[in-house]
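What follows is the residue order along each chain.
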Amino acid sequence: MGMDVAMDFARAYIPAKARTYMNTIAQEAVTEMRLRRIKQPFTGPLHVFVQACILPPKSWSKKRARNTYWHTSRPDLDNIVKLIDALTGIVWVDDSQVA
């Protein structure tokens with residue numbers, strides 16, 4: 001089941017699968033911040049590099065998987081980038097800091 005999240009005056013629906021990914025990302029971020037001994041989220045402007053590694057479906061032949069370079073189906077870039085909202089309050093104070 002998904003979850004509604006308050007965003008100022010509107011509410012954004014976050015599907016259950018995305019919520020699961022966001023929780024995993026948040027847990028990894030907490031671990032990394034602790035390992036790096038960073039106790040507070042960053043407060044200034046930030047530059048974020050997102051690298052998404054998506055494996056081809058197991059149903060694809062080895063030849064098709066080997067010859068396909070660009071990912072052109074779901075999840076698309078917008079949906080992947082939305083997942084970094086999970087880092088708000090852990091890595092940075094607000095996602096508006098990301099330039």
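Residues numbered from 1 in each chain as written. Predicted model: local features only at pLDDT ≥ 70, side-chain atom pairs only at ≥ 80, totals over all residues. Heavy atoms only, no water.

(A) Looking closely at the pattern of salt bridges. Overall, the coordinates contain one salt bridge when judged by the stated rule. The residue E32 makes a salt bridge to R36 at a minimum N-O spacing of 3.2 Å. (Salt bridge = Lys/Arg side-chain N within 4 Å of Asp/Glu carboxyl O.)

(B) Examining the nonpolar core more closely. With 14 residues, the main nonpolar core has M22, A29, L87, I90, V91 and W92 as its most contacted residues. No other element matches helix α1 (residues 16-35), which puts five residues into this core. Every residue in contact with V91, bar those within four places of it in the chain, is listed here: A29, M33, P41 and F42. (Core = buried A, V, L, I, M, F, W, Y, C linked by side-chain atoms within 4.5 Å. Buried < 20%, exposed > 50% of the residue type's maximum accessible area, 1.4 Å probe, protein only. Helix = DSSP H or I, 4+ residues; strand = E, 2+ residues; numbered from the N terminus. Contact = heavy atoms within 4.5 Å.)

(C) Here's a closer look at a nonpolar patch on the surface. Judged by side-chain polarity, V50, L77 and V81 come together as a nonpolar surface patch covering roughly 240 Å² of accessible area. Secondary-structure assignment places V81 in helix α3 (residues 77-82). Classification of V81 by relative accessible area gives partly exposed; the value is 33%. (Patch = residues over 30% accessible without salt bridge, like charges linked within 9 Å, V, L, I, M, F, W, Y side chains within 5 Å. Areas by Shrake-Rupley, 256 points an atom, 1.4 Å probe, with all protein chains shown as cover.)

(D) Layout of the layout of surface pockets. Considered as a void within the structure, the largest pocket measures approximately 1000 Å³ in volume. Lining the largest pocket are 30 residues; nearest its centre among them are A18, M22, N79, K82 and L83. Elements supplying a minimum of two residues to the lining of the largest pocket: β1 (3-7), β2 (10-14), α1 and α3. Considering each element in turn, the lining of the largest pocket owes the most residues, eight residues, to α1. Taken together, the residues of the lining of the largest pocket sort by class into 19 nonpolar, four polar and seven charged. By volume, the second largest pocket amounts to about 520 Å³. (1 Å grid on protein atoms, 1.4 Å probe; cavity = no way out; pocket = protein on both sides within 12 Å on 5 of 7 lines; lining within 4 Å. Points joined across faces, edges and corners; volume = space filled by probe spheres on them. Nonpolar A, V, L, I, M, F, W, Y, C, P; charged D, E, K, R; others polar.)

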